[in-house]
Amino acid sequence: MKQEIMTISKQRQLAPRIFEMTLTGELVNEMRTPGQFLHLRVPQNAFLLRRPISINHIDAEKKECRIIYRVEGEGTRIFSEMTVGDPIDVMGPLGNGFRYHHLNQGDTAFIVGGGIGVPPLYELSKRLTQQGVHVIHFLGFASKDVMYYEEEFRALGDTRIATDDGSAGLQGNVGNLLLAAEQTPAAVFACGNNGLLKTTAQLFEDLPDVQLSMEARMACGMGACYACVCHTKDDEQGTKSVKVCDEGPVFQARKVVI
Ligand SMILES: Cc1cc2nc3c(=O)[nH]c(=O)nc-3n(C[C@H](O)[C@H](O)[C@H](O)COP(=O)(O)OP(=O)(O)OC[C@H]3O[C@@H](n4cnc5c(N)ncnc54)[C@H](O)[C@@H]3O)c2cc1C
Ligand code: FES
């Protein structure tokens, strides 16, 4: 993990409250694993805690990476008002990302994402596709208005969409899309809210490789403060935990309590 003042080289709005920010800097050389995240400093002294945002795309040649974020509170609102050329203090890459090297050419991987959990799955899908893995994307959004990256995912492989209100794709959630899938995948990768993660874990409980990217409130982002713990399944007392920031954010579904 390193720290750098990176430069915003592009910022564009993808949907209401959803922005894509491109960052340029040497730190990109450190970014190797999809599913890792960056810890971004809000450029005002009143904000002590950094904001964790997943890496969406890595372009080592151009020394560029992208993040996609939704404006939730003050920190992300300030990010959305920053413009090209602005410096931004970035720590990272942090955490353990998705493991995918063991998959073979011709294997099928299910990539399951919902809402603002979709961004890190894009870099993962690129890597899997480059490796000859057949990817099927199952993406859920609240409605057509807040959908983004549909074309980008379609360019990589089969992409199935669900919206809560039925304004695009199947009406319902990602669970409904997964229930309709006819293949049995070699691995499943998911990122989204806890409902999506729980459904995915339940539907594939017999599959040995189901990787879930967990979210937790974070402070230090590097394993020192224990703000981000989640409980593990191997402990009946419910006292054993793992830290999402440095042991995760990606865990095998059989390991963690969602
Ligand atoms: C590993 C990881 C990856 C993430 N990736 C993305 C992403 O790619 N795109 C995206 O839009 N969001 C992502 N998030 C959620 C994002 O961190 C929060 O939406 C953001 O920190 C909110 O900050 P704020 O100042 O706008 O909101 P506020 O509500 O003002 O935040 C107050 C505090 O709570 C923390 N916080 C608030 N919501 C969350 C949350 N859901 N998870 C963790 N900390 C939170 C903030 O970091 C801050 O310290 C990710 C979270 C984690 C843990
Ligand atoms: S945020 Fe401090 S230990 Fe995870």
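Residues numbered from 1 in each chain as written. Chains lettered and ligands numbered in written order. Predicted model: local features only at pLDDT ≥ 70, side-chain atom pairs only at ≥ 80, totals over all residues. Heavy atoms only, no water.

1. A short note on the side chain of Glu123
Phase 1 of the analysis: Structurally, the position occupied by Glu123 is in helix 2 (residues 119–130).
Phase 2 of the analysis: Looking at Glu123, its side chain comes within polar contact range of the main-chain nitrogen of Ile58, at 2.8 Å.
Phase 3 of the analysis: Discounting residues that sit within four places of it in the chain, Glu123 has contacts with Pro34, Asn56, His57 and Ile58. (Helix = DSSP H or I, 4+ residues; strand = E, 2+ residues; numbered from the N terminus. Polar contact = N/O pair within 3.5 Å; in protein donor to acceptor, adjacent residues only side chain to side chain. Contact = heavy atoms within 4.5 Å.)

2. Remarks on the environment of Val146
Phase 1 of the analysis: Within the secondary structure layout, Val146 lies in the loop between strand 9 (134–141) and helix 3 (150–154).
Phase 2 of the analysis: With 70 residues separating them along the chain, Val146 and Thr76 place their C-alpha atoms 17 Å apart.
Phase 3 of the analysis: Not counting the four nearest positions on each side in its chain, Val146 is found in contact with Ala15, Ile18 and Phe141.

3. As for helix 5 (residues 194–203)
Phase 1 of the analysis: For helix 5, the full list of buried residues reads Leu196, Leu197, Thr200 and Ala201. All buried residues of helix 5 lie within an arc of 130 degrees about the axis, which places them on one face of the element.
Phase 2 of the analysis: The opening residue of helix 5, the one whose side-chain oxygen lies 3.1 Å from the backbone nitrogen of Gly195, is Asn193. (Buried < 20%, exposed > 50% of the residue type's maximum accessible area, 1.4 Å probe, protein only. Arc of directions from axis to C-beta.)

4. What to know about the site of ligand 1
Phase 1 of the analysis: Neighbouring ligand 1 are 20 residues, the closest being Pro52, Arg70, Thr76, Glu215 and Arg217.
Phase 2 of the analysis: The separation between an oxygen atom of ligand 1 and a polar main-chain atom of Gly73 is 2.8 Å.
Phase 3 of the analysis: Within the side chain of Thr76, one N or O atom sits 2.4 Å away from an oxygen atom of ligand 1.
Phase 4 of the analysis: Considering ligand 1 on its own, with 830 Å² of exposed area, one finds that the protein chains cover 84% of that surface.
Phase 5 of the analysis: In terms of residue class, the shell around ligand 1 is made up of nine nonpolar, four polar and seven charged. (Near = heavy atom within 4 Å. Areas by Shrake-Rupley, 256 points an atom, 1.4 Å probe, with all protein chains shown as cover. Nonpolar A, V, L, I, M, F, W, Y, C, P; charged D, E, K, R; others polar.)

5. Digging into the nonpolar core
Phase 1 of the analysis: Of all hydrophobic cores here, the largest spans 31 residues; its most connected members are Phe110, Val112 and Phe138.
Phase 2 of the analysis: Elements that contribute at least two residues to this core include exactly strand 7 (87–94), strand 8 (108–114), strand 9, helix 4 (174–179), strand 12 (187–191), helix 5 and strand 13 (210–213).
Phase 3 of the analysis: Here Val112 is in contact with Leu121, Phe138, Val174, Leu178, Val188, Phe189, Ala190, Cys191, Leu196 and Thr200, once residues within four sequence places are set aside.
Phase 4 of the analysis: Counting residues in hydrophobic clusters, the runner-up holds 27 residues, among them Ile68, Val135, Met147 and Phe153. (Core = buried A, V, L, I, M, F, W, Y, C linked by side-chain atoms within 4.5 Å.)

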